[in-house]
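Each chain, letter by letter, is given below.
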Amino acid sequence: MTPQIKLIGFPMPGRLEPTRLALALGGIKFEDSCISREQWGEMKPKVAPLQMPLMEIDGKRTSQSIAMLRYACKLSKVDGKPLYPEDAFEALLVDEFVDKVGDMLVPMLRTFSIADEAEKMAARAANMKKGGDAEKWAAHIDEVLGKSKSGYAFFDRLTMADLTIFTMMWIFQTGFLDGVPKDCLDHLKHIAAHKKKIASLPAVKEYYKDAKDVQTFYKC
């Protein structure tokens, strides 16, 4: 029996987006509850120590975005294959790749704690220059994608790895972060080709057909 799933997050792609997409691609119905920062402020003390985003499964509340994504990808199948591999070694490769995407995000997240605006912008620029703390991870991910003959990250099929890199690059390529130009990753051609491939999949196109604002990033 398919569980009743409710996702709770902010009205933006964020860390919840790959989970949303995984469930949609698997044809699994879910409630997508978007709340404001003010609503979260009221809710936070009641669910502590859990942090956003949240997932409720048959009324049981959970958190941790990667754990939620892995659960969704185990449930969801595309062309008869689960988005999270059943083979232990294949699962390891996918998890490693997803962690690398997370490592790319960490240096940029640290800049939010910098009070001085000029210093913050300088830190972000340094992260994204060639060889910078974020760019080096992007370059490595680009190299991994470049080894694929099919265009998918691994195994010539869609997996959690593809959904993660596809959904998370918006942070760097939409102007969301002040001081990070939209073209900062344009030199990484395999990431660009991968985005185009995933965005062109019929099921992905269907999911984002009515996308607005920043979610238009996911359209072809």
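Scroll up to find the structure this text is about.
Residues numbered from 1 in each chain as written. Predicted model: local features only at pLDDT ≥ 70, side-chain atom pairs only at ≥ 80, totals over all residues. Heavy atoms only, no water.

Engineer: Sorry if this is basic, but what is going on with the nonpolar core here?
Structural biologist: One broad trend across soluble globular proteins is that nonpolar side chains are buried collectively. If you look at the biggest cluster of nonpolar residues, it comprises 58 residues, and the most contacted ones within it are Phe97, Phe172 and Leu185. Looking at which element gives the most residues to this core, the answer is helix H4 (residues 88-110), with eight residues. When sequence neighbours within four positions are dropped, the list of residues in contact with Phe97 reads Ile141, Val144, Leu145, Ala153, Phe154, Ala161 and Ile165. Core analysis: the second largest hydrophobic core is formed by eight residues, Ile8, Phe10, Trp40 and Val47 among them. (Core = buried A, V, L, I, M, F, W, Y, C linked by side-chain atoms within 4.5 Å. Buried < 20%, exposed > 50% of the residue type's maximum accessible area, 1.4 Å probe, protein only. Helix = DSSP H or I, 4+ residues; strand = E, 2+ residues; numbered from the N terminus. Contact = heavy atoms within 4.5 Å.)

Engineer: How do you make sense of empty space enclosed by the protein when you look at a structure like this?
Structural biologist: Empty space among the atoms can be located by rolling a probe the size of a water molecule over them. In this structure the tally under the stated criterion is one cavity of 30 Å³ or more. As a volume, the largest cavity reaches approximately 40 Å³. Taken together, Ile165, Phe166, Met169, Gln173, Ile191, His194, Lys195 and Phe217 make up the lining of the largest cavity. Of all the secondary structure elements, the ones that give two or more residues to the lining of the largest cavity are helix H7 (160-168) and helix H9 (189-200). Here the lining of the largest cavity takes three residues from H9, the largest share from any one element. (1 Å grid on protein atoms, 1.4 Å probe; cavity = no way out; pocket = protein on both sides within 12 Å on 5 of 7 lines; lining within 4 Å. Points joined across faces, edges and corners; volume = space filled by probe spheres on them.)

Engineer: Even after reading the chapter, I still don't get unusual backbone geometry, so can you show me in this structure?
Structural biologist: Glycine aside, the phi torsion of most residues is negative, and most peptide linkages are trans. Backbone torsion omega between Ala48 and Pro49 reads 10 degrees, so that peptide bond is classified as cis. By the secondary structure assignment, Pro49 is in the loop between helix H2 (37-47) and strand S3 (54-57). At the junction of Met52 and Pro53, the peptide bond is cis and its omega measures out at -5 degrees in the coordinates. Looking at where Pro53 falls in the secondary structure, it is placed in the loop between H2 and S3. For Gln64, which is not a glycine, the phi torsion comes out positive at approximately 75 degrees. Along the chain, Gln64 turns up in the loop between strand S4 (60-62) and helix H3 (65-75). Even without being a glycine, Phe155 presents a positive backbone phi close to 65 degrees.

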